[in-house]
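# A look at the structure
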Amino acid sequence: MTERVVLAYSGGLDTSVCIGWIAEKTGAEVIAVAVDVGQGGEDLDVIRKRALACGAVEAEVADAKDEFADEYCLPAIKANALYMDRYPLVSALSRPTIVKHLVAAARKHGATTVAHGCTGKGNDQVRFEAGISSLAPDLKCIAPVRDYAMTRDKAIAFCEENNLPIATTKKSPYSIDQNVFGRAVETGFLEDIWNAPIEDVYDYTSNPATPRDADEVIITFKEGAPVAIDGKPVTVLQAIQQLNERAGAQGIGRIDMVEDRLVGIKSREIYEAPGAIALITAHQELENVTVERELARYKRQVEQRWSELVYDGLWFSPLKRALDGFIAEANQQVSGDIRMTLHGGRAIVTGRRSEQSLYDFNLATYDTGDTFDQSLSKGFIEIFGMSSKIAAKRDLA
């Protein structure tokens, strides 16, 4: 029986060439799998037909936009997930979504191997292969670009020699990955970290310096999940899409950073994530109102570790699953409304309200009616600072 390989297929040059390349190098039949996580671009049926025209014995396409939003973006919102305090894990979140579909297709078609188009320098190779090995330890993984030194020049030559139905002449100066949660841009002149990005780098966001009227929005959350915008019910996907449009129009969510890749190198990345940044900003502020102090302090530590695990490709790891439980519990009381002004590249919180609020006006006010007993503070400070005071007497002697 001929072996079968399931290929993560995007419809672009590299993965189209991978179909014939894998067949030639391994003698296996190739099943192409394309997953829509809101990246836009071509129709899924067009991509499916191209895969078949390039030599795939079968091709599957999956509309996973709602799945991606509900099962991957939403946990990131609840975790306030920002790798290195800035990056909302745009690409890192989409990879486990795709992995689940690749493994399902491998089981369905009796494949022994899963292939992807990643290079040997990035994080995505780890995300794909660590994810696949966690869900299906028996499956093998190959990466033609990495394992067989499939350079772009070789890919173009292979495409032309085999008359594959895909354009080879146009090449963006950038490497771009995008989905509904955001967009990642790298390479080209951006590799010189002194070079400022130019406007044609961006697609999800307008120039924040352009004068325009501010946009006020009210986001309603229930147990950490966005459920309404300006009072109108939304799914998680719709919340992201609507805020991509509204926050993106205000230039919100542009990130220019040098990040620490898992493979040990530093990489300059440009990100656009208007909806993600607006939602995480709102969610963080609602937590400030509804989450008890010690839980909130500890959750911030968990958020950093959760973000690192997801960035590093360990979505399906035991620690990540355990932290999911903590984050879900911490979000039980995170319900209410956040009002924000979107303007000039920033999402500014201007109002908060919640039936679960821990903010007590009568304790917080400095006006008449204050119920805080200030006479208790003197003794509290004396006891609270006692250990430091005793140490100081010794150390300063």
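On a predicted model such as this, the values are computed, not experimentally measured, just so you know.

Taken as a whole and judged by the stated rule, the model has one cavity of 30 Å³ or more. One number sums up the size of the largest cavity: a volume of about 40 Å³. Contributing to the lining of the largest cavity are Ala-92, Pro-96, Val-99, Arg-127, Gly-131, Val-310, Gly-313, Leu-314, Trp-315 and Phe-316. Of the residues forming the lining of the largest cavity, the biggest block, three residues, is contributed by helix α4 (residues 90–109). Of the residues contributing to the lining of the largest cavity, the split by class is seven nonpolar, two polar and one charged.

Phi is positive for Glu-223, which is not a glycine, with a value near 50°. By the secondary structure assignment, Glu-223 is in the loop between β8 (215–222) and β9 (225–229). Residue Glu-223 is classed as partly exposed on the basis of its relative accessible area of 36%.

Looking now at the nonpolar core. Soluble globular proteins tend to bury their nonpolar side chains together. Counting residues in hydrophobic clusters, the biggest one holds 80 residues, and the most contacted among them are Leu-89, Leu-93, Trp-306 and Met-340. For this core, the leading source of residues is α4, giving nine residues. In this structure Leu-89 touches Ala-81, Tyr-83, Trp-306, Ser-307, Val-310 and Tyr-311, once residues within four positions along its chain are discounted. By size, the runner-up hydrophobic cluster in this structure holds 28 residues, among which are Val-5, Trp-21, Ala-59 and Cys-159.

Before going further, it helps to spend a moment on the sheet that holds strand β14 (residues 346–353). Strand order in this open sheet of five strands is β10-β9-β8-β13-β14, and the pairing throughout is antiparallel. Looking at which strands have only one partner, the edges of the open sheet turn out to be β10 (232–233) and β14. The sheet contact formed by β8 and strand β13 (residues 336–343) spans seven bridges and is antiparallel. Following the sheet pairing, Ile-219 is matched in β13 by Ile-338.

Between its first and last C-alpha, helix α10 (residues 293–311) extends 27 Å over 19 residues, near the 27 Å set by a 1.5 Å rise per residue. Restricting attention to buried positions, one finds in α10 the residues Ala-296, Lys-299, Val-302, Glu-303, Trp-306, Ser-307, Leu-309, Val-310 and Tyr-311. Next to the buried residues of α10 lie α3 (65–78), α4, α5 (124–135), β11 (254–260), α9 (274–290) and α11 (318–330). One side-chain oxygen at the N-terminal end of α10 lies 3.0 Å from the backbone nitrogen of Glu-294; it belongs to Glu-292. Looking one or two residues beyond α10, the residue adopting positive phi is Gly-313, at roughly 85°.

As judged from the seven bridges shared by β13 and β14, these two strands associate in the antiparallel manner. Bridge pairing links Arg-339 to Gly-351 in β14. If you look at the hairpin formed by β13 and β14, you'll find two residues sitting between the two strands, and Gly-344 has a positive phi there, around 60°.

For the rest of this paragraph, the subject is the packing of aromatic side chains. Tallied over the full model, the rule gives nine aromatic pairs. Where Trp-306 meets Trp-315, the ring centres are 5.8 Å apart and the plane angle is 70°; that geometry is what we call edge-to-face. Just as Trp-306 is buried, Trp-315 falls in that class too. A connected cluster of aromatic rings, assembled from ring pairs, spans Tyr-83, Tyr-87, Tyr-271 and Tyr-311. The aromatic ring of Tyr-202 is capped on one face by Arg-254, whose charged end is 3.7 Å from the ring centroid. Taking NZ or CZ as reference, Lys-320 lies 3.6 Å from the ring centre of Trp-315, over its face.

So, how was this worked out
Residues numbered from 1 in each chain as written. Predicted model: local features only at pLDDT ≥ 70, side-chain atom pairs only at ≥ 80, totals over all residues. Heavy atoms only, no water. 1 Å grid on protein atoms, 1.4 Å probe; cavity = no way out; pocket = protein on both sides within 12 Å on 5 of 7 lines; lining within 4 Å. Points joined across faces, edges and corners; volume = space filled by probe spheres on them. Helix = DSSP H or I, 4+ residues; strand = E, 2+ residues; numbered from the N terminus. Nonpolar A, V, L, I, M, F, W, Y, C, P; charged D, E, K, R; others polar. Buried < 20%, exposed > 50% of the residue type's maximum accessible area, 1.4 Å probe, protein only. Core = buried A, V, L, I, M, F, W, Y, C linked by side-chain atoms within 4.5 Å. Contact = heavy atoms within 4.5 Å. Pairing = 2+ DSSP bridges. Expected span 1.5 Å × (residues − 1). Polar contact = N/O pair within 3.5 Å; in protein donor to acceptor, adjacent residues only side chain to side chain. Phe/Tyr/Trp six-rings, centres within 6.5 Å; stacked < 30°, edge-to-face > 60°. Lys NZ or Arg CZ within 6 Å of the ring centre and 35° of its normal.

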